[in-house]
Amino acid sequence: MLCVDAESDGQRIDNFLLRHLKGVPRSHLYRVMRRGEVRVNKGRVKASHRLRTGDLVRIPPVRTALAETPVRVPASRLAPLAEAVLYEDERLLVIDKPAGLAVHGGSGLSYGLIESLRELRPGRELELVHRLDRDTSGCLVISKRRSALRELHELIREGGMDKRYLALIVGELERAKVNVDAPLKKNLLQGGERMVQVDQDDGKPARTVFRRLGRFRAESGVLTLVEAELITGRTHQIRVHAAHLGTPLAGDPKYGDEGANRALKTQGLSRLFLHASALSFQLPSADRPNRVEAPLPDDLERFLSALEPAA
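For every chain, the first residue of the written sequence is number 1, and numbering continues from 1 along that sequence. Totals for whole chains, interfaces and linings use every residue, but because this is a predicted model, local features are given only for residues with pLDDT of at least 70 and side-chain atom pairs only at 80 or more, for both listing and counting. The side-chain figures draw on all heavy atoms in the structure; neither hydrogens nor water molecules are used.

1. Quick word on the pattern of salt bridges
Basic side-chain nitrogens of Lys or Arg form a salt bridge, by our definition, when they fall within 4 Å of a carboxyl oxygen of Asp or Glu. With the rule as written, the count across this model stands at 22 salt bridges. With a closest N to O distance of 2.6 Å, Arg35 and Glu37 form a salt bridge. The class of Arg35 is partly exposed, set by a relative accessible area of 47%. Glu172 is the partner of Arg215 in a salt bridge, and the nearest nitrogen-oxygen pair spans 2.7 Å. Taken together, the residues span a long stretch of sequence, with Arg215 in strand β13 (residues 207-218) and Glu172 in the loop between β9 (162-170) and β10 (177-181) at a distance of 43 residues. Using a relative accessible area of 21% as the deciding quantity, one classes Arg215 as partly exposed. Categorising residues by exposure relies on relative accessible area from a 1.4 Å probe, with only protein chains included: less than 20% of the type maximum marks a residue as buried, more than 50% marks it as exposed, and the intermediate range marks it as partly exposed. With a relative accessible area of 39%, Glu172 lands in the partly exposed category. Secondary structure elements follow DSSP: runs of H or I of four or more residues count as helices, runs of E of two or more count as strands, with numbering from the N terminus.

2. A word on the packing of helix α3 (residues 75-82) against helix α4 (residues 113-120)
Helix-helix packing: each pair is described by the crossing angle between the helix axes and the interaxial distance. Helix axes are fitted to C-alpha atoms over the stretch in contact, other axes to C-alpha atoms as well, and angles between N-to-C directions run from 0 to 180 degrees. Relative orientation of the contacting elements α3 and α4 amounts to 80°, with a least axis distance of 10 Å. As far as their axial angle goes, α4 and α3 are roughly perpendicular. Residue-level inspection shows Leu78, Leu81 and Ala82 of α3 in contact with α4, the latter providing Leu113, Ser116, Glu119 and Leu120. Amino acids are sorted into nonpolar (Ala, Val, Leu, Ile, Met, Phe, Trp, Tyr, Cys and Pro), charged (Asp, Glu, Lys and Arg) and polar (every other residue, Gly among them). Of the residues belonging to the contact of α3 with α4, the class tally is five nonpolar, one polar and one charged. Working definition: roughly parallel below 35 degrees, roughly antiparallel above 145 degrees, roughly perpendicular at 65 to 115 degrees, and oblique for all remaining angles. Here, two residues are considered to be in contact whenever any of their heavy atoms come within 4.5 Å of each other.

3. Regarding the sheet that holds strand β4 (residues 56-58)
With antiparallel pairing, four strands are arranged side by side in an open sheet as β1-β4-β2-β3. Edge strands, defined here as strands with exactly one partner in the open sheet, are β1 (2-3) and β3 (43-44). In terms of strand pairing, strand β2 (residues 39-40) meets β3 through two bridges, oriented antiparallel. Directly across from Val40, in β3, lies its bridge partner Gly43. One requirement defines pairing of two strands: DSSP has to find at least two bridges between them.

Interpretation in functional terms is not warranted from these geometric data alone.
Shown next as structure tokens:
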């Protein structure tokens, strides 16, 4: 039996168990929860249940996996991250995540950004506050204290974190500002590939605001630079909403235009053109709001600069 302390107040039961049962596979933990072997205040709970200070958690006997050799993150990956801090205080930090690095290990990846940061800063209680796709660069918030993680999650749930992205779309935005309100549903295809689609009946509410910033000519046709504001934060939201408009993101291998992507690659665009450019938020415990910006990465800046502006 474990009593939930103040630092774990508001934490999901699955994450609480993962923290206390090192080496137990995640799949096994979910299995014992489904069987009702984990109890909170003597009652069954779902994996999404959030704990409160003073709750009594019953953890059944479980077998731990054999200790694995700790994953060593290559020094070539650690060095850039040490220089990628955009903002830091005693409770959180904002990292300029590079494209191509997943936020965490899993699905065949031995490490991600959070594992790399923990290796850079051993002994710190670093946790992801939100996520970015592997191919997306830019602002990512990491909590340094569990109390900050709770506050930030509450802020996100209440819509108190303003997230802005820079994206290049294939085609024209029909107006200077376009609001997309299209529910999204996640599906898993064969091989475990995650896909998201617009589903008016079973999808979860999702809203994105696109604002036109500039137009360019390319061999594939007109490209439009847009700012995307996330009103909600669903998986692949900007990518799916852009494709839903008929203007997919340039370089998007999953929801994009294959022919346009091939043409753009010959011009120098070798990845998804999506960058988390700015975050604005204020924690209840803070005296003033935070606004953090991440400059467009050099590879995207070079590609954009080489394009011919369209009238």
